[in-house]
Amino acid sequence: MKVSYNWLKDYIDIDLPWEKLSEILTEIGLEVEGEEHTESVPGGLKGLVVGEVTFKDKHPGADKLSITRVNIGAEEELNIVCGAPNVAKGQKVVVATIGTMLYPNDGEPFKIKKGKIRGEVSEGMICAEDEIGLGSSHEGIMVLPNEVKIGTAASDFFKIEKDTVFEIGLTPNRSDATSQLGVAKDLAAALKINYDHSGNVNSPSIEKFKVDNNDLPIEVQVENTEACPRYSGVSIKGVTVAESPEWLKKRLRSLGIATKNNIVDATNFILHELGQPLHAFDADEIEGGKIIVKNLSDKSKFTTLDEVERELSHEDLMICDGNSNGMCIAGVFGGTKSGVKETTKNIFLESAHFNAISIRRSSTRHLLKTDAAKTYEKGSDPNICVFALKRAALLIQELAGGEIASEVIDIYPNPVSKKEVDVKFSHVNRLIGDDLTKDEVRNILSAMEIEILEEKGDDFKVAIPTNKVDVTREADVIEEILRIYGLNKVSIPSQVKSALTYGLQPDPFKIRNIAGDYLANNGYNEIMAVSITESKYFKEFLPMDESQLIYINNTSNMHLDVMRPSMLFSGLEAIRRNQNRKAADLKLFEFGRTYIKEEDKYKESEHLTLYVTGQRYEESWLNADKNQVSFYTLKTFVNNILSRLGISGYQESASENEIFGFAAKYHRGPTALVEFGRVKGKLAKAMDIKNPVFYADINWDMILRSLKKHKIDFVELNKYPSIRRDLALVLDTKVKFSEVEAIAKKAGKKLLKSINLFDVFADESKLGEGKKSYAISMIFEDASKTLKDKEVEKVVSQMIQTFENKLGAVIRK
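Below or above, wherever it landed, is the structure these notes cover. (Residues numbered from 1 in each chain as written. Predicted model: local features only at pLDDT ≥ 70, side-chain atom pairs only at ≥ 80, totals over all residues. Heavy atoms only, no water.)

1. With respect to the pattern of salt bridges
With the rule as written, the count across this model stands at 46 salt bridges. Across the pair glutamate 23 and lysine 20 runs a salt bridge whose closest N-O atoms are separated by 3.2 Å. Within this pair, glutamate 23 and its partner lysine 20 are both found in helix 2 (residues 18–27), separated by 3 residues, close to a single helical turn. You can call lysine 20 partly exposed: its relative accessible area is 28%. One salt bridge in this structure joins lysine 337 and glutamate 287, with 2.8 Å as the shortest N-O distance. Residue lysine 337 is located in the loop between strand 22 (333–334) and strand 23 (346–353), and its partner glutamate 287 is located in the loop between strand 16 (278–282) and strand 17 (290–295); the two are separated by 50 residues in the primary sequence. Assessed through its relative accessible area of 27%, glutamate 287 is described here as partly exposed. One continuous salt-bridge network, built from bridges that share partners, spans Arg174, Asp176, Asp186, Lys468, Glu480 and Arg483. (Salt bridge = Lys/Arg side-chain N within 4 Å of Asp/Glu carboxyl O. Helix = DSSP H or I, 4+ residues; strand = E, 2+ residues; numbered from the N terminus. Buried < 20%, exposed > 50% of the residue type's maximum accessible area, 1.4 Å probe, protein only.)

2. Points about the state of the cysteines
Taken as a whole and judged by the stated rule, the model has 0 disulfides. Left without a disulfide partner, cysteine 127 is nearest to the cysteine sulfur of cysteine 82, which lies 9.3 Å away. Judged by its relative accessible area of 0%, cysteine 127 is buried. Take cysteine 320: it sits in no disulfide, and the sulfur closest to it among the cysteines is that of cysteine 328, at 9.7 Å. (Disulfide = S-S within 2.5 Å.)

3. Some thoughts on helix 13 (residues 508–521)
Along its 14 residues, helix 13 runs 20 Å from first to last C-alpha, staying within 8% of the 20 Å computed at 1.5 Å per residue. Among the residues of helix 13, those classed as buried are Ile511, Ala515, Gly516, Tyr518 and Leu519. Buried positions in helix 13, seen along its axis, are confined to an arc of 160° and lie on one side of it. Seen from the buried face of helix 13, the exposed residues on the opposite side, beyond 90 degrees, are Phe509, Lys510 and Asn521. Buried residues along helix 13 sit against strand 33 (586–598), strand 34 (601–613), helix 15 (631–645) and helix 17 (700–708). For helix 13, the capping residue at the N-terminal end is aspartate 507, with a side-chain oxygen 2.9 Å from the backbone nitrogen of phenylalanine 509. Remark: glycine 523 follows helix 13 within two positions and exhibits a positive phi of approximately 90°. (Expected span 1.5 Å × (residues − 1). Arc of directions from axis to C-beta. Contact = heavy atoms within 4.5 Å. Polar contact = N/O pair within 3.5 Å; in protein donor to acceptor, adjacent residues only side chain to side chain.)

4. A word on the environment of isoleucine 776
Secondary-structure assignment places isoleucine 776 in strand 41 (residues 771–780). Each C-alpha atom of the pair isoleucine 776 and leucine 727 lies 5.4 Å from the other, and the pair is 49 residues apart in sequence. Other than its neighbours up to four places away in sequence, isoleucine 776 contacts Arg725, Asp726, Leu727, Leu729, Phe737, Val740, Ile755, Asn756, Leu757 and Phe758.

5. Considerations on the sheet that holds strand 2 (residues 32–39)
Within a sheet, each strand pairs with its neighbour through backbone hydrogen bonds, oriented either parallel or antiparallel. In space, the 3 strands of this open sheet follow the order 1-13-2, with antiparallel pairing throughout. Each end of this open sheet is capped by a strand with a single partner; those strands are strand 1 (2–4) and strand 2. Adjacent strand axes in the sheet meet at a mean angle of 25°, parallel and antiparallel pairs treated alike. In this structure, strand 2 lies alongside strand 13 (residues 162–168), joined through 7 bridges in antiparallel fashion. Bridged to glutamate 35 within strand 13 is phenylalanine 166. (Pairing = 2+ DSSP bridges. Axes fitted to C-alpha atoms, helices over the stretch in contact; angles between N-to-C directions.)

6. Focus: unusual backbone geometry
At glutamate 449, a residue that is not glycine, the phi angle is positive and equals roughly 60°. Here the phi dihedral of aspartate 600 falls at roughly 65°; this positive angle occurs in a residue that is not glycine. Following the sequence through the fold, aspartate 600 ends up in the loop between strand 33 and strand 34. For aspartate 600, a relative accessible area of 68% corresponds to the exposed category.

7. A closer look at the sheet that holds strand 42 (residues 810–811)
Taken together, the 4 strands give an open sheet; going across it, the order is 40-41-39-42, and neighbouring strands pair in antiparallel fashion. Edge positions in the open sheet fall to strand 40 (752–761) and strand 42, since each of these has one partner strand only. Pairing between strand 40 and strand 41: 8 bridges, direction antiparallel. Bridge pairing in strand 41 places leucine 757 opposite isoleucine 776. Where helix 18 (residues 737–748) meets the sheet, its contacts fall on strand 39 (723–732), strand 40 and strand 41, and the angle it forms with strand 40 comes to roughly 150°. The sheet contacts of helix 20 (residues 789–807) involve strand 39, strand 40, strand 41 and strand 42, and relative to strand 39 the element is tilted by about 10°.

8. Overview of the packing of helix 7 (residues 356–365) against helix 8 (residues 371–378)
Interhelical geometry of helix 7 versus helix 8 gives an angle of 140° and a closest axis separation of 7 Å. Crossing hand, helix 7 versus helix 8: left-handed. Each of Ala356, Ile359, Arg360 and Ser363 in helix 7 lies in contact with helix 8, whose residues at this interface are Ala373, Tyr376 and Glu377. Considered class by class, the residues forming the contact of helix 7 with helix 8 number 4 nonpolar, 1 polar and 2 charged. (Left-handed = near helix turned anticlockwise from the far one by under 90°. Nonpolar A, V, L, I, M, F, W, Y, C, P; charged D, E, K, R; others polar.)

9. A few points about the packing of aromatic side chains
Think of a pair of aromatic rings as described by two things: how far the centres are apart, and how the planes are tilted against each other in angle. Per the counting criterion, the structure on display carries 22 aromatic pairs. With a centroid separation of 6.1 Å and 90° between ring planes, the pair formed by phenylalanine 589 and phenylalanine 591 is classed as edge-to-face. Across the pair, phenylalanine 591 and phenylalanine 589 agree in class, each one buried. A centroid spacing of 5.2 Å and a plane angle of 75° characterise the contact between phenylalanine 591 and tryptophan 700, whose relative ring orientation is edge-to-face. A residue pair is termed long-range when its members are at least 10 positions apart, and phenylalanine 591 in strand 33 and tryptophan 700 in helix 17 qualify at 109 residues. A residue is classified by how much of its surface remains accessible, and tryptophan 700, at 1% relative accessible area, is buried. By the ring-pair criterion, three or more aromatic residues cluster together here, those being Phe631, Tyr632, Tyr650, Phe662, Tyr666 and Phe676. The ring of tyrosine 5 carries lysine 9 above its face, with NZ or CZ at 4.6 Å from the centroid. When the ring centre of phenylalanine 55 is taken as reference, the NZ or CZ atom of arginine 69 above it lies at 4.3 Å. (Phe/Tyr/Trp six-rings, centres within 6.5 Å; stacked < 30°, edge-to-face > 60°. Lys NZ or Arg CZ within 6 Å of the ring centre and 35° of its normal.)

None of this, on its own, says anything about what the molecule does.
Below, the structure written as structure tokens:
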């Protein structure tokens, strides 16, 4: 939201430096995010001064040029070549000195330089009004009154208005500060309490409003009073649509608002002055002389002022004529037919209060973020409608003439009264953390126009103005008091109080950092995706029971309509985005949550996901062969994470998750610790990803539960030597290494310290059909003594026998 310093001065008597005003606004909760310094004329006429022509002669080399000397109050007069036909000796003129930037009405800005024109030196420029942005005439130079003092800055003579426009980061709860007057009142309260200001605010007057006749009555019917709690309006006949006066255009331009005509500009002015949106209809286009506020049927067509035909929803509140033809999307945008045109002579002026939720939905549905819609969304004041209507009507009469040609219509079936809130003085001091006297509290509330209805001992009751929509509780009232009292005035306590706390064990934050640091140190980049995603992923790409999806009403990004039940697509979106920017070799990880609905209950789970795609290493002649990532690239990192966290004692089996083309699963009983593998090609293709993607989904909740039972044992390093034995087993191709490993560990008991698969050989011509060969190595140790070969051979013999009996293995000699 933009706030003009000059506009604020219309309401309160202030003359503070803009820097100090910016500081005060931020202190009262209207955070200034930036400032813009503007002038009513581009460039502010900097470098332009008043001079007197002391000499004029014809240019010897050009018939249409003159040689002049001009006195601008400097030690030496300026030699200036001038092409204006009306230049003459003795004139007071506007002179652009060397180095001045000029901003003409037409063309680009340019700098005045010393030079020669047809052989004659020129040390400046005598200006016409269009050359400096003061008018449109180019018939000759500007000639000023003789009494103007030589050397006067042009900006002073023409009284160039300078302004500072503050960009306010207005929070959604500040419905009271959506206007220049609302900000002025808040500012006046702070100045009164903290800067010895009177606190007086010069609000606009409507005393002169009167109904001239009843020649143009318009009947109004409100069918949907929930979406339109209040509707007021009045007719004005005999207006003249024309260009707005300069003062009005300056005010609107200072806020970045384009001007159109005096009627539309007047409604925009009142919107930003009072925070009450208005709309002017061409009264002659209101069929049946009646306005109906209603909802139209789905898929009704309506053409808005931007000449776009829009398809309406049955939820869109419409302002219709007597034949139920739409004239305006209520509180959002007007229509082409009933809008004010150059030929408009009679208008109906609307000032209404619409439901914030209804306006937000219509505004978002049609992607129309108008100033009126933004104001209604924050919650407009229902009790200002008629005041704003009369203020606008008077302004339109001033600008466009006309007569008030109807009584004021005001349909307000359920008036909104001020909320009453009970507060305790002791609670004020407890929450603020400072000792405010009762008088200080009373003065602050009075400055904010919050009335104290009754007071008894520590208790008091206040009536909240209806423009403060978000102030509904005691804590809200205390927050208002604190804003005006000043956060910077709250004293810093001399004591620091603390309490012993006991954190969760193991510390989830530390565990997360261990895994994250390991991955980051090994070339992974962490991604942080939002927890909402597109439902189409789980309808088209990875179908799941729709009853398990948790839908949300996301009005800002309507395609993001569900809480994510899987983290897969967050990573695939990141991969696609990077791939489209020529970054195809990726290692990514994300800590996040998934959300699913199960039998009317919502389940939220935490996960760590890994994604690898492309090449393992940067392109180089050293690793040109077998450089593509694979299932085993991912498995290495999964194993290392579990090992680093001390997770062991899990089983491995094939995963049947439909995400994967092929995958493995580590689990304890039926509960999966992690599933990992290659994402199905059709999923990658649907996401427009070219390279294979390998994905791991680690159940982080299960990891943390496992670590609660995890004990760290410190074991002395074995001082006795180890023995290695190698075996080559011919097995069916269906047999997995995990089966071999399980048998070996069971037979080896305490002596077998490790087992490793170091070679896989498959050749049917040598091994037979459906056969493969595993070469495994085993390390044996005993912490209490030196192992003998006989002891190891006994264990190995038991293993071989079990391999042969259970797996049908043949030992290669």
